[in-house]
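Remarks on the overall topology
Spelled out from the first residue to the last, the chains are:
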Amino acid sequence: MQTFHYLICAAIVLTSATCTMSAQTPLSEALRRTDIAPAWPGCDPKIPDCTKSRLADFIAANLQSPPEARAQGVGGVVIMEFVIEKNGTIGEVKALQDPGLGLGPEATRVITLMKTKKIKWVPAEHNGKRVAYRYVSPVSFSLAMPPKEVAPSTPAAADTTVYIREIAEVMPRFAGCDPQVKDSIDCTFQKVLQHIKTNLQYPEEAIKTQTHGQVVLEFVVDQTGAITDAKVIKGIGHGCDEEALRILESMPAWTPAMQDGKTVPVRMKLPILFQLPKQ
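Notes on the structure in this doc start here. Residue indices follow the written sequence of each chain, beginning from 1 at its first position. Confidence filtering applies because this is a predicted model: local features only for residues at pLDDT of at least 70, side-chain atom pairs given and counted only at 80 or more, and all residues used for totals across whole chains, interfaces and linings. With hydrogens and water stripped out, all remaining heavy atoms of the structure feed into the side-chain values.

So, the environment of Ala 132
Under the scheme used here, helices are H or I runs from DSSP no shorter than 4 residues and strands are E runs no shorter than 2 residues, and both carry numbers assigned from the N terminus. In this structure, Ala 132 sits in the loop between β4 (129-131) and β5 (133-141). As for Ala 132 and Thr 89, which are separated by 43 residues in sequence, their C-alpha atoms are 9.6 Å apart. Ala 132 has contacts with Thr 25, Ala 30, Leu 31, Val 83, Ile 84, Glu 85 and Lys 86, leaving out every residue within four places of it along the chain. Two residues form a contact once any of their heavy atoms are found within 4.5 Å.

Dropping the structure here:
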């Protein structure tokens with residue numbers, strides 16, 4: 001009888017331990033600023049470029065272009081956020097900015113793959129204790145390799161071509177977002193949403209025809225922060241496409257992207273959802 005009682009107790013303890021180990025920290029509760037940032041396995045937390053490089057290599061090695069995006073010849077950038085738990089494992093994963101065409105689910109799959117492969121990061125530390133950390137990373141889809149710089153044949157034939165990127169060391173930021181704040185990407189996301197909510201005017205024609213859905217825009221934030229080359233890459237018609245463009249073009253100038261200490265143009269995508277107003 002004692003043996004049976006012991007087995008029951010052991011089973012309860014084991015079940016409790018398993019539940020504890022599988023518990024995840026919600027993104028909302030994970031810290032964004034810590035004394036010591038998390039690091040990729042083998043990287044020194046004091047050298048963040050090592051972690052960024054190793055993570056980028058992992059993403060590039062496992063990323064696949066979704067059929068829908070490939071069929072339309074479209075790339076893009078998905079902003080992913082995920083939790084690095086106290087024990088270094090990967091917790092909750094979420095797409096913070098998804099341009100559509102299957103890019104978001106594929107980026108989520110690749111980030112989640114770190115959990116499947118049991119990759120354990122060096123966890124973040126705050127006030128001398130290991131803590132759950134909210135990590136933000138861009139996942140870039142590009143159907144064409146970035147152009148290589150070719151040395152001019154003569155000193156007078158310097159290449160003045162401006163290459164438009166889809167990702168940069170520091171991505172463009174909406175007006176008012178502090179570049180020194182680690183969650184400036186989140187700031188941009190929130191401010192863009194607020195701008196859309198404040199300025200969106202549902203077209204009367206769309207209301208009459210009960211048209212709703214998502215309009216996807218593509219645009220470039222140039223070296224000065226101005227929005228250029230705006231176009232609709234996925235529309236729903238009945239005035240919604242024109243309204244989406246109007247909202248985009250009414251935005252204030254952004255803070256331009258930075259690469260190697262210089263401002264660079266970056267191509268971006270923005271989905272705008274049109275939901276019919278409730279009666």
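Quick look at helix α4 (residues 103-116)
Between the first and last residue of a helix there are one fewer steps than residues, each counted as 1.5 Å, and that sum is the expected span. Helix length check: α4, at 14 residues, gives a terminal C-alpha distance of 20 Å against a target of 20 Å (1.5 Å per residue), a fit within 8%. A simple rule labels every residue: compare its accessible area, found with a 1.4 Å probe on the protein chains alone, to the largest value its type can have, and call it buried under 20%, exposed over 50%, or partly exposed in between. Along α4, the residues that are buried comprise Leu 103, Gly 104, Glu 106, Ala 107, Val 110, Ile 111, Leu 113 and Met 114. Those residues of α4 that are buried are in contact with α2 (48-62), α3 (67-72), β1 (76-84), β2 (90-97) and β5. Lys 118, located one to two residues past α4, shows a positive phi value of around 55°.

A word on the sheet that holds β5
Should DSSP find at least two bridges between two strands, the strands are regarded as paired. A sheet is described by the order of its strands in space; here 3 strands give the open sequence β2-β1-β5, paired in antiparallel fashion. Of all strands in the sheet, those bounded by a partner on one side alone are β2 and β5. Between one strand axis and the next, the sheet turns by 25° as a mean value, whatever way the strands run. Both β1 and β2 contribute to a ladder of 5 bridges, which runs antiparallel. Directly across from Ile 79, in β2, lies its bridge partner Gln 97. Docked against the sheet, α2 engages β1 and β5, running at close to 50° with respect to β5. What counts as an axis is a line fitted to C-alpha atoms, over the stretch in contact for a helix, and the angles between N-to-C directions run from 0 to 180 degrees. Along the sheet, α4 contacts β1, β2 and β5; its crossing angle with β1, the most-contacted strand, is approximately 35°.

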